[in-house]
Amino acid sequence: MKYLFKTLTFILLLHIMLIAQPWQQNDAIFNPSGVPSLMFSHPRFADVDEDGDFDMILGNMSDKPLYLENIGTASSPKFQVGSGDIFSLVSSLDAEAGVMADINGDRKADFITGGYTGLHLYKNAGIPEFPIFVKEEGYFSGINTGSYPVPDLGDVDDDGDLDLVLGFSEDGSVKIYFNTGTDSVAQFSDNNTLLIGDVGLYAYPVFCDMDSDGDLDILIGRDGHGFAYYRNNGDAANGVWHPDAIPFDGIGSDTYFNSPGIADLNGDGKLDLVYGSGSGPLNYFRNTGTAQTPAWTRNTTLFGGTLDVGGASNPFFYDYDFDGDRDLFSGSNLGDIKYYENTGSANSPAWKEKSSSFSGLKHSIYASVAIGDVNQDSLPDAIVGDLSGNLYFHKNTGSGFIFQSDVLSHISLGGWSVPRLVDMDDDGDLDLVAGNEEGNLFYFENQGTPDNPDWVEIADYFNGIDVGSNCVPSVSDFTGNGRLDVLTGNMWRELNFFTFQDSVWKQDTTFFAGIVGGQNTAPALIDMDGDGDQDLVLGCYEGTFSYYENQAGTTSLTDQHIILPEDFGLKNYPNPFNASTTIEFTLSMATPASLVIFDLRGREVRSWRFSILGQGIHTQNWDGCMQDGSPAGSGLYIYQVRTPEHVSSGKMILLK
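Scoring rules and cut-offs
- Residues numbered from 1 in each chain as written.
- Predicted model: local features only at pLDDT ≥ 70, side-chain atom pairs only at ≥ 80, totals over all residues.
- Heavy atoms only, no water.
- Helix = DSSP H or I, 4+ residues; strand = E, 2+ residues; numbered from the N terminus.
- Rg over C-alpha atoms; globule rule 2.2 N^0.38 Å.
- Buried < 20%, exposed > 50% of the residue type's maximum accessible area, 1.4 Å probe, protein only.
- Contact = heavy atoms within 4.5 Å.
- Areas by Shrake-Rupley, 256 points an atom, 1.4 Å probe, with all protein chains shown as cover.
- Lys, Arg positive; Asp, Glu negative; His and termini not counted.
- Charge placed at Lys NZ, Arg CZ, Asp CG, Glu CD.
- Pairing = 2+ DSSP bridges.
- Phe/Tyr/Trp six-rings, centres within 6.5 Å; stacked < 30°, edge-to-face > 60°.
- Lys NZ or Arg CZ within 6 Å of the ring centre and 35° of its normal.

Asks: Would you mind showing me how to read the overall build of the protein here?
Replies: From N to C terminus, the protein includes one helix and 47 strands. At 27 Å, the protein has a C-alpha radius of gyration in line with the 26 Å of a compact globule built from 656 residues. The dimensions of the protein, computed from C-alpha atoms along their principal axes, are 80 × 70 × 40 Å. A buried classification covers 55% of the 656 residues belonging to the protein. Within the protein, counting contacts between residues at least 6 apart in sequence, those at least 24 apart form 49% of the total. When the accessible surface of the protein is summed, it comes to about 26,300 Å², and 50% of that surface belongs to carbon and sulfur atoms. Counting 33 positive and 92 negative side-chain charges, the protein places the centres of these two groups 4 Å from one another.

Structure representation (structure tokens):
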């Protein structure tokens, strides 16, 4: 995108904005606990930093496990993402779930993982205060596990070494593998096993002494609701496991793919239960019974408050209750329309779900929704999209919604339609902007009346904009020049921003550079903090919401132009890479410049800043390490070259 600004002052202002990275991520608005909601979550507990309390390892479907440090106490925990990446050398393909245990007798807890590639050992090569895990190839070569086994370890035969329990994904069976080695060199094979049971298609077992009798019982999550519990009716040396439905009866009945973690989280000598689920949010039940006979009381303060629609969140804001602040709407992967009333204020939002009134708006899976007073009767109506690519108009009658099948029956976008209501032509009624699964953007002008809206497609209004796949639009005057702009997300975590210049839509890569959302990124622009500029909220495939505060203010551009280069000939090689890569870029003149690498959360990983670089080709090697010299983890990274006039970005993949 090419711009000319009226004054040198404005050029300097833009330069400051670009260098300062105006977006500040602050997810506490949608996640006050600070513990993320990750799809197919597997919470496990250990004193990772050896400070006397339980920390949490949170496995998940999307990435390698996350370390959450307990910054509270042994009796009053509080978890936050750890300051260091102790799993930087752990592959996400190896570790959907993992537990810590000292499997080699060196008094340091190792990391035993199960994932797509099977069962693995990552030995602890760190120090007590900061472990670091290095893969030891072939440690479990004697076991045929298949993909996604879920492990736990415990001494079930009282011989001083750790035995292994595995849950299997193929058939839901749970087996104990007896350690025929020693406490320093473990050995497991398919010939020394005991089948505990079969709980379905997926099994998530953990050892626990739930009745405080000195032997290890087994609690198992599964693909359906609830849990399976096998009580050890033998003793510490000779286990005999039998199913017992009573201790966990009714727990987990409203969630599925439940994966349990057991620990005494409040220091009262009784084991408590935390479990993840397919949808992600953690559920915490305190044992308010006895150490021998548990009774469960839900606690919503430790992990509560996270907004999670279950999957495929796509935020849309509208003051539905007319109290002066914007409420939040979203579709979901199961087709439900979610409504969160803003019970805070326009400057400091808080959320309370009240989705029941919108249950009749469900049509199919992967829903999206736009809210607006279409017929100008002061009652907000709803337009719903879904996986079919159709659009559905629901008129608000004051006592509920009525589906009017004929209003939008002529529109079909071919797959996963995402509508947005906005007065695009400034004629006083609401038009429709919509994206679809193919990545295209559509405009339907409202050529009807308030009583009889009639949306007519204006062909090629967006002059062929195609963002690749799963286009989710947000429309607003972000640049502050009196004309509407369009920000879109897509399947590949990208944001694409378009402004209307010279009678055509043109992409601008400046304003949202460095922000990378989750899979199926779904943006919404809104002044969340009441400071007069537009902030950014992102939905994603996981079903949660992220918030980025705009710290630069609204940027107002003029209609004049200055020719700037589209890019710097930016590339890196090799890509993907292991160990190191070379970033190459070209400057058209001598200028100050910087090269910055960001992770997927927009955090600066590594940077180089040059007071002056000459005209021509420049290269910079990145050794895969962060600014402090510690290794960066495997994954996708964004790199940017900036000069006072230009910004250009590229992507690279680090594989370890």
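Asks: Is there a simple way to think about the pairing of strand 35 (residues 485–489) in this case?
Replies: Summarising burial for strand 35: five of the five residues are buried, a large majority. Side chains D485, L487 and G489 project from strand 35 onto one buried face, and the interleaved V486 and T488 project onto a second face that is buried too. Bridge count for strand 34 (residues 472–476) against strand 35 is five bridges, and the pairing is antiparallel. By the bridge assignment for strand 35, V475 is matched with V486. The pairing of strand 35 with strand 36 (residues 495–501) spans four bridges and is antiparallel.

Asks: How should the packing of aromatic side chains be read in this particular structure?
Replies: All chains considered together, the criterion is met by 44 aromatic pairs. Ring centres 6.1 Å apart and planes at 10° place the aromatic pair Y275 and F285 in the stacked group. Highlighted residues: Y275 in strand 19 (residues 272–276) and F285 in strand 20 (residues 283–287), separated in sequence by ten residues. Assigned by exposure class, Y275 and F285 land together as buried. An aromatic cluster of three or more residues is present, and its members are F227, Y229, F248, Y275, F285 and W296. One Lys or Arg, K175, reaches over the ring of F168 and ends 5.6 Å from the middle of that ring.

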